[in-house]
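# Topology and contacts: notes
Chain residues, written in single-letter form:
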Amino acid sequence: MDSSRDTEISWATSPPALLREHHLADAILQEGPLPDDVGESELGEEGAFRGGLLFTPPRPKPGVAIVYFHGGGFLAGSPRTHRGVTAWLAHFAGMPVLSARYRLTPEYPFPAQRDDAVAACAKASSLFTHGGDFRLFLSGDSAGACVSLWGLLGLPPQHRATVAGLALFYGGFGLTESASITRAGTPENGLDAEALRSMYGRLLDGKKHVRIDEISPLSKAAAIHEPTYILAAAEDAVFDDSLALHRKLELNGSATHFISVPGMDHGFLKQAGKLAEATDSLKDAASWMKGKLATAPPP
C-alpha cells in the first residue's frame, strides 16, 4: 500500500519491479531526520531468518525487543523504506527494534510471510534473551501489521508466551469493501477496491481454494489475546480495517487500545522526525509498550 499520487503507477496492474522502485522513492521523499542516538546495523540472512536492520537505542533495556514488519502491500517495501518509523520507535521505547525482511508477492505467496515472521521472532529471542528472560513486542504498519499478526499466530506456544503486546499501525486486514475504502480509496493511492483485490490476489496466488477472509486476522481475532495497540489514520482508506479488528478484539474481551489520528492519511508515520503527528504517534505507542512491559506477567 502506498500513499503516492503518481497517476502513472497502478497498484492493481503495474509490474512489481516498477512498484518497488516507486515505493522506495516515495519512502525516501517522506523520510525525516533520524534520531542521532540510535545505532543502525545490518543483519544478514541466517537459516530461515531473512535478515533486516537492527536499531539500537542507548542503554537498551535488557531482555526485551520489538520485531517490526514493514508495509508495502505485501509486494514492496523493506526495512530501508521504514527506517524513520523504526529508528524513532527504538528511540522512544528504549528497546532494540529488529526491522525484519520477509518474502514478497507475487514471487512468494502466503504463507511465506507468516513463516518469515516466525523466524524473525526466533532471531530476536536468540539475540536478546538476557539471563533466561525475554519479552517481545510485535509491530508493523499497513500490510506489515497483518504480517505481525500472522507471525503471532504461528509462534510455538513457548515463544508466544514471551509476547508482551502488539502495536499495529493503520493495518490492512483483508477488507476490500468498506465505507472508508469507498470514501478515500483511489487508483492513485493504491487503496481502492480494485487495487486491494489485486493485492490480496497476489498474496493467494495459486491457492484458488483459499479466500482472503479465511486467512485474514479479522477471521482469527478470537485467537488474539495479547494486549493490542491499534493506530488508525482518520483519513485512511483502510481505517475500517483497524476499527473492525478493534471491535472484534473487544467482543472477545481482549485488552485492545484504539487510537485515531485526525487529519492523517495512510503511511504518515514515515514522516517521523519532521511531522509532529507522526513523531508524537510513535512516542505514544512506545509509551504504551513500556507500560505493558512493566505490568506483563513473567512468560
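Residue numbering note: each chain is counted from 1, following its sequence as written. Under the rules for a predicted model, residues below a pLDDT of 70 receive no local features and side-chain atom pairs below 80 are neither given nor counted, while totals for whole chains, interfaces and linings still include all residues. Calculated side-chain values reflect all of the structure's heavy atoms, with hydrogen atoms and water omitted.

With that out of the way, let us pick up the environment of alanine 27. Relative to the assigned elements, alanine 27 resides in helix H1 (residues 16-30). Put simply, alanine 27 and glycine 77 are 50 residues apart on the chain and 8.8 Å apart in space, counted from C-alpha to C-alpha. Residue contacts follow a heavy-atom distance rule, with two residues in contact if any of their heavy atoms lie within 4.5 Å. Not counting the four nearest positions on each side in its chain, alanine 27 is found in contact with Thr81 and Lys270. Numbered from the N terminus, helices here are DSSP runs of H or I no shorter than four residues, and strands are runs of E no shorter than two.

On to helix H2 (residues 83-93), then. One full turn of an α-helix is made of 3.6 residues, so residues set three or four places apart face in the same direction. Categorising residues by exposure relies on relative accessible area from a 1.4 Å probe, with only protein chains included: less than 20% of the type maximum marks a residue as buried, more than 50% marks it as exposed, and the intermediate range marks it as partly exposed. Counted residue by residue, H2 has 10 buried out of 11 residues, so it is predominantly covered. All of the buried residues in H2 are Arg83, Gly84, Val85, Thr86, Ala87, Trp88, Leu89, Ala90, Phe92 and Ala93. Buried-residue contacts for H2 involve strand E1 (39-43), strand E2 (52-56), strand E3 (64-69), strand E4 (97-100), strand E5 (135-141) and helix H10 (276-295). Phi for glycine 94, located one or two positions after H2, is positive at around 70°.

Here the axes come from fitting lines to C-alpha atoms, over the contacting stretch only for helices, and the angles between their N-to-C directions go from 0 to 180 degrees. Relative to each other, H2 and H10 sit at 50°, their axes nearing to 8 Å. As judged from the angle between their axes, H2 and H10 are oblique. Crossing of H2 against H10: the hand is right-handed. The residues of H10 that touch H2, namely those facing Gly84, Val85, Trp88, Leu89, Phe92 and Ala93, are Thr279, Leu282, Lys283, Ala286, Met289 and Lys290. Split into classes, the residues belonging to the contact of H2 with H10 amount to eight nonpolar, two polar and two charged. With respect to orientation, any angle under 35 degrees is reported as roughly parallel, any angle over 145 as roughly antiparallel, any angle of 65 to 115 as roughly perpendicular, and every other angle as oblique. Should the near helix be turned anticlockwise from the far one by less than a right angle, the crossing is termed left-handed; should it be turned clockwise, right-handed. Gly counts as polar in this scheme, as do all residues outside two lists: the nonpolar Ala, Val, Leu, Ile, Met, Phe, Trp, Tyr, Cys and Pro, and the charged Asp, Glu, Lys and Arg.

As a further point, take the packing of aromatic side chains. Any two of the Phe, Tyr and Trp rings considered here, Trp counted by its six-membered ring, make a pair once their centres fall within 6.5 Å; the pair's planes then place it as stacked at under 30 degrees, edge-to-face at over 60, or tilted in between. Evaluated as defined, the whole model comprises nine aromatic pairs. Judged by centre distance (6.4 Å) and plane angle (40°), the ring pair of tyrosine 68 and phenylalanine 169 falls under tilted. Of this pair, tyrosine 68 sits in strand E3 while phenylalanine 169 is found in strand E6 (residues 163-169), placing the two residues 101 residues apart along the sequence. Like phenylalanine 169, tyrosine 68 is buried. Ring pairs connect the aromatic residues Phe74, Phe110, Trp150 and Tyr200, which therefore count as one cluster.

Relative orientation of the contacting elements helix H3 (residues 112-128) and helix H4 (residues 143-154) amounts to 70°, with a least axis distance of 8 Å. Judged on the interaxial angle alone, H4 and H3 are roughly perpendicular. Crossing angle aside, the handedness with which H3 passes H4 is right-handed. Side by side, H3 and H4 meet where Gln113, Arg114, Ala117 and Val118 of the first sit next to Val147, Trp150, Gly151 and Gly154 of the second. Tallied by class, residues from the contact of H3 with H4 come to four nonpolar, three polar and one charged.

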